[in-house]
Amino acid sequence: MSNYQLAIIGGGPAGYTAAEIAGKAGLSVVLFEKKSLGGVCLNEGCIPTKTLLYSAKTLDAARHAAKYAVKVGEAEADLPKIIARKQKVVRKLVLGIKGKLTNAGVTIVNGEAIVLDKNHIQCGEEQYECDNLLLCAGSETFIPPIPGVNEVPYWTHRDALDCKELPQSLVIVGGGVIGMEFASFFCSMGVKVTVIEMLDEILGGMDKELSAMLRTEYAKRGVQFLLNTKVIFLEGKENSVKVTYENAEGENVLEAEKVLLSVGRKPVTNGYGLENLNLKRTERGSIWVNNQLQTSGEGVYACGDLNGRSLLAHTAVREAEVAVHAILGKNDAMAYNAIPGVVYTNPEIAGVGATEESLKQQGIAYTVKQLPMAYSGRFVAENEGVNGVCKVLVGEDDTILGAHLLGNPASEIITLAGMAITLGLKAEEWKKMVFPHPTVGEIFKETV
Ligand SMILES: Cc1cc2nc3c(=O)[nH]c(=O)nc-3n(C[C@H](O)[C@H](O)[C@H](O)COP(=O)(O)OP(=O)(O)OC[C@H]3O[C@@H](n4cnc5c(N)ncnc54)[C@H](O)[C@@H]3O)c2cc1C
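Computed from a predicted structure; not experimentally measured. Sequence positions are assigned chain by chain, starting from 1 and proceeding in written order. In keeping with the predicted nature of the model, local features appear solely for residues at pLDDT of at least 70, side-chain atom pairs appear and are counted solely at 80 or more, and the whole-chain, interface and lining totals rest on all residues.

Participant: Quick question: what am I supposed to make of the site of the ligand here?
Facilitator: What surrounds the ligand is a group of 35 residues, the closest being Gly10, Gly12, Gly39, Gly138 and Gly304. Elements with a contribution of two residues or more to the shell around the ligand: helix 1 (13-24), strand 2 (29-33), helix 2 (39-44), helix 3 (46-63) and helix 8 (313-328). Throughout, the ten residues Ala, Val, Leu, Ile, Met, Phe, Trp, Tyr, Cys and Pro are labelled nonpolar, Asp, Glu, Lys and Arg are labelled charged, and all others, Gly among them, are labelled polar. Here the shell around the ligand is composed, by residue class, of 18 nonpolar, twelve polar and five charged. Should the C-beta atom of a residue, placed from the backbone, lie within 6 Å of a molecule or strand, that residue is near it. For helices the rule is a DSSP run of H or I covering at least 4 residues; for strands it is a run of E covering at least 2, with both sets numbered from the N terminus onward.

What follows is the structure, encoded as structure tokens:
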């Protein structure tokens, strides 16, 4: 039986980051991955969606080239080639992860790991002994128990990412981040998209005002939104699905060629012996961890989607760093107050820190400082006829509490606000930083 100082289950962002850091720090590490290194993020999540969305953005840019006094012929998307490029990007990045882990001296085992106890893992015929165990098994799509769902050939994000032919029409159940990113992609591709959301606004958790603005923008492009609406029945066959829904106006039926379910994700906690560890769970069934990612079991850690704290790849990466530091006896802890959230629609929407809604709920006083993105010269130069908003929430003592952006490239510049919040900067201190000109990020300096 081989012995390792650290065994890691799952080779997604949490697992591969932890393996690389621990390996480089001199620990003997074994990492088990049953599918493909890179996990959901690289193989069927962050990267493939952004690859498809970039093709959609390029298509939109070509269609709107005349706004920038550039003549192009009729722009057209080639779906099979878009999907093939996505696969190429994924392959390249997965190979990159493999290379990094090999360089860090990590033993990679391809197969399903079964937890026997906190110091013993079974994979195939082999048993492995470990001093520390890091669980990074991730999450999976939650399929809502809508009557009829099992009789309908519904899509999950995986089917949408590999679709061979564009449907004429698509109903997306769930207007969260994943739902909206696919709405954006298929809308650009010319598909008639309807988004059904149970809540009163899309993108729950993001700034409500900006989410509503984004929704209005997509409605102008032809996406139909049904808010405060619950799907109560699904029926149909290949290429024709009937979606029965109810809302304040009563019951109604919508027909579409495809239906995509994107109502959320749940931690992977079954089928690999986790019950043998008898770990404390959260109310929602995730593995409970403290801010060093330690579970209730000594020497057992859980990072990434499995602990249910944030379900984002960048959180998983930071958690992995903290967990390995805890194993190495280094002082480090997670802070969850400045984790950026981004929706890669076009325009993008991003936020970090508190929202107005969360501050109101907690009874924290704040001031809203808000400007149109047009205050940034660079934004105006690159966004003909497009509006956007920068909103910064400032506390009574001038501390930056939250920041929210609608407009490109929100995903790139939100980190500036994330740093201000992490460092506990006051608005006056943040303003003293020198921002390069012209950049869209200067909008923060103008706003605060
Ligand atoms: C469509 C989509 C788009 C997304 N876009 C973004 C985005 O833009 N930005 C962002 O931050 N996040 C995004 N996410 C979320 C992101 O993918 C996850 O937060 C991230 O992958 C979590 O990383 P993880 O390491 O915890 O788990 P995962 O990436 O889920 O990896 C877990 C790995 O563990 C393996 N595994 C599980 N059990 C075992 C076992 N018993 N033995 C061996 N291996 C096992 C699995 O095969 C898997 O590879 C998206 C998700 C989806 C679905």
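Back to the write-up after that little detour.
Participant: Sorry if this is basic, but what is going on with unusual backbone geometry here?
Facilitator: The phi angle of most residues is negative, glycine excepted, and most peptide bonds adopt the trans form. With an omega of 15°, the peptide bond running from Asn346 to Pro347 counts as cis. Tracing the chain through its elements places Pro347 in the loop between strand 17 (341-343) and strand 18 (349-353). Between His437 and Pro438 the backbone carries a cis peptide bond, its omega angle lying at -5°. With respect to the helices and strands, the residue Pro438 is situated in the loop between helix 12 (427-431) and helix 13 (442-447). Phi angles above zero are rare outside glycine, and Asp398 is one such case at about 80°. Within the element layout of this structure, Asp398 appears in the loop between strand 20 (389-395) and strand 21 (400-406).

Participant: Can you help me understand the sheet that holds strand 13 (residues 250-256) in this one?
Facilitator: Pairing between the strands of a sheet comes from backbone hydrogen bonds, and it takes one of two forms, parallel or antiparallel. Following DSSP output, two strands are said to pair if at least two bridges run between them. Spatially, the three strands line up as an open sheet ordered 11-12-13, and their pairing is antiparallel. Sheet topology places strand 11 (230-237) and strand 13 at the edges, where each strand pairs with a single neighbour. Pairwise comparison of adjacent strand axes, ignoring direction, gives a mean angle of 20° for this sheet. Direction of pairing for strand 12 (residues 240-247) relative to strand 13: antiparallel, over a ladder of seven bridges. Among the inter-strand pairings, Lys242 is bridged to a residue of strand 13, identified as Glu255. To get an axis, fit a line to the C-alpha atoms, keeping to the stretch in contact for a helix; angles then go from 0 to 180 degrees between the N-to-C directions.

These results come straight from atomic positions and should not be treated as a statement about function.
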